[in-house]
Amino acid sequence: MEIGRAVFASKGYEATSIEEVAQQAGVSKPIVYEHFGAKEGLYAAIVDREMDDLVARVSASIAQGTPRQRFEDAVLAFMAYVKDEPAGFAVLTRDSPTAAARRGLTRVIDDLAQRVGDVFRSEFEHAGYPSKVAPIYANALVGMVTQVGHWWAAEGKAFSTENVARHVAALGWMGLRHLPKDPVPPGAKREPKRRA
């Protein structure tokens, strides 16, 4: 799986062959097929392992502390993964087979946004905000961190991940800190309430 991860990271899914992975791993093609079924199976196993690692890191970081600490720690955990596991991050963010289109970073973002949304929901309720809007903010913030991770991996390495994470966390936190209870400006058309 380590060899497969490295090859998928450098070449992408389409350009990777089982033959190359088997050769670099020092095993025969039938051994790879026996364990993973096909290229899609190997790719899916690698993506699942990387996703579990990233979700576990971020989930642990939001388990305790003040809301600000949890947010900052989640950003730091994500950026640490980008730095510590560049091949894993590349696999999660590169092309993927159609059968696994919901795998990889899209699924990671969905999982993280759900977990962050749960934290936001309880904090919004506590602060008197409508908790039903928590997923909007959770997805926005997770998307922001993901995009910064892409940028850092491609061209931002002049900055430490800790420095980048602190800037992202400051931006996100200041936005949350000054969040209006009703973001619709005076005189703007309001969205009609929907019946359940």
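In this text, all values refer to a predicted model and were calculated from it rather than measured experimentally.

Peer 1: Looking at this model, I keep getting lost on the UniProt feature "DNA-binding region" (unreviewed entry) in the protein chain. Mind explaining?
Peer 2: Per the UniProt record, "DNA-binding region" (unreviewed entry) is annotated on residues 17–36. Each end of residues 17–36 is marked by a C-alpha atom, and these two atoms are 13 Å apart; helix forms 80% of the span and strand 0%.

Peer 1: Explain the UniProt feature "domain: HTH tetR-type" (unreviewed entry) in the protein chain here, please?
Peer 2: The sites that carry the UniProt feature "domain: HTH tetR-type" (unreviewed entry) are, in the present numbering, residues 1–54. Helix makes up 78% of residues 1–54 and strand 0%, whereas the separation of the span's terminal C-alpha atoms amounts to 17 Å.

Peer 1: What is the right way to read helix α1 (residues 2–11) from this model?
Peer 2: Given 3.6 residues per helical turn, the α-helix brings residues three or four places apart onto the same face. Those residues of α1 that fall on the buried side of the exposure criterion are Gly 4, Arg 5, Val 7, Phe 8 and Ala 9. Among the structural elements, α2 (18–25), α4 (39–61) and α6 (86–93) are those in contact with the buried residues of α1. Residue Gly 12 follows α1 closely and has a positive phi angle near 85°.

Peer 1: Help me understand the packing of α1 against α2 in this model?
Peer 2: A packed helix pair is summarised by two numbers, namely the angle formed by the two axes and the spacing between the axes. The geometry of α1 relative to α2 is characterised by a closest axis approach of 9 Å and an angle of 135° between their N-to-C directions. With respect to each other, α1 and α2 are oriented oblique. At the point where α1 passes α2, the crossing takes the right-handed sense. Contact residues: α1 offers Ile 3, Gly 4, Val 7 and Lys 11, while α2 offers Glu 20, Val 21, Gln 24 and Ala 25. Class assignment for the residues of the contact of α1 with α2 results in four nonpolar, two polar and two charged.

Peer 1: Explanation requested: the packing of helix α5 (residues 67–84) against helix α9 (residues 161–177) in the structure shown.
Peer 2: The contact between α5 and α9 brings their axes to 9 Å, and the two run at 145°. Helix-helix and strand crossings are classified by hand; for α5 and α9 the assignment is right-handed. Contacts between α5 and α9 involve Pro 67, Arg 68, Phe 71, Glu 72, Val 75, Leu 76, Met 79 and Lys 83 from the former and Thr 161, Glu 162, Val 164, Ala 165, Arg 166, Val 168, Ala 169, Gly 172 and Trp 173 from the latter. Here the residues of the contact of α5 with α9 are counted per class, giving 10 nonpolar, two polar and five charged.

Peer 1: Is there a simple way to think about the nonpolar core in this case?
Peer 2: Nonpolar side chains in soluble globular proteins generally cluster together in the buried interior. If you look at the biggest cluster of nonpolar residues, it comprises 51 residues, and the most contacted ones within it are Val 75, Phe 78 and Phe 120. Every element with two or more residues in this core is listed here: α1, α2, α4, α5, α6, α7 (105–127), α8 (134–155) and α9. Tallying contributions element by element places α5 first for this core, with nine residues.

Peer 1: What is the right way to read the pattern of salt bridges from this model?
Peer 2: Between side chains of opposite charge, a pair can form as their charged atoms come close. Going through the model one piece at a time under the given rule, you end up with 12 salt bridges. Of the charged contacts, one joins Arg 121 and Asp 118 as a salt bridge, the two residues approaching to 2.9 Å between their closest N and O atoms. Placement of both Arg 121 and Asp 118 in helix α7 is noted, with a separation of three residues, approximately one turn of the helix. By relative accessible area, Arg 121 is classed as partly exposed at 27%. If you follow the salt bridges from partner to partner, you end up with Glu 2, Arg 5, Arg 49, Glu 50, Asp 53, Arg 57, Asp 84 and Glu 85 in one network.

What counts and what doesn't
Residues numbered from 1 in each chain as written. Predicted model: local features only at pLDDT ≥ 70, side-chain atom pairs only at ≥ 80, totals over all residues. Heavy atoms only, no water. UniProt positions renumbered as here; feature names shortened; annotations may be inferred. Helix = DSSP H or I, 4+ residues; strand = E, 2+ residues; numbered from the N terminus. Buried < 20%, exposed > 50% of the residue type's maximum accessible area, 1.4 Å probe, protein only. Contact = heavy atoms within 4.5 Å. Axes fitted to C-alpha atoms, helices over the stretch in contact; angles between N-to-C directions. Parallel < 35°, antiparallel > 145°, perpendicular 65-115°, else oblique. Left-handed = near helix turned anticlockwise from the far one by under 90°. Nonpolar A, V, L, I, M, F, W, Y, C, P; charged D, E, K, R; others polar. Core = buried A, V, L, I, M, F, W, Y, C linked by side-chain atoms within 4.5 Å. Salt bridge = Lys/Arg side-chain N within 4 Å of Asp/Glu carboxyl O.

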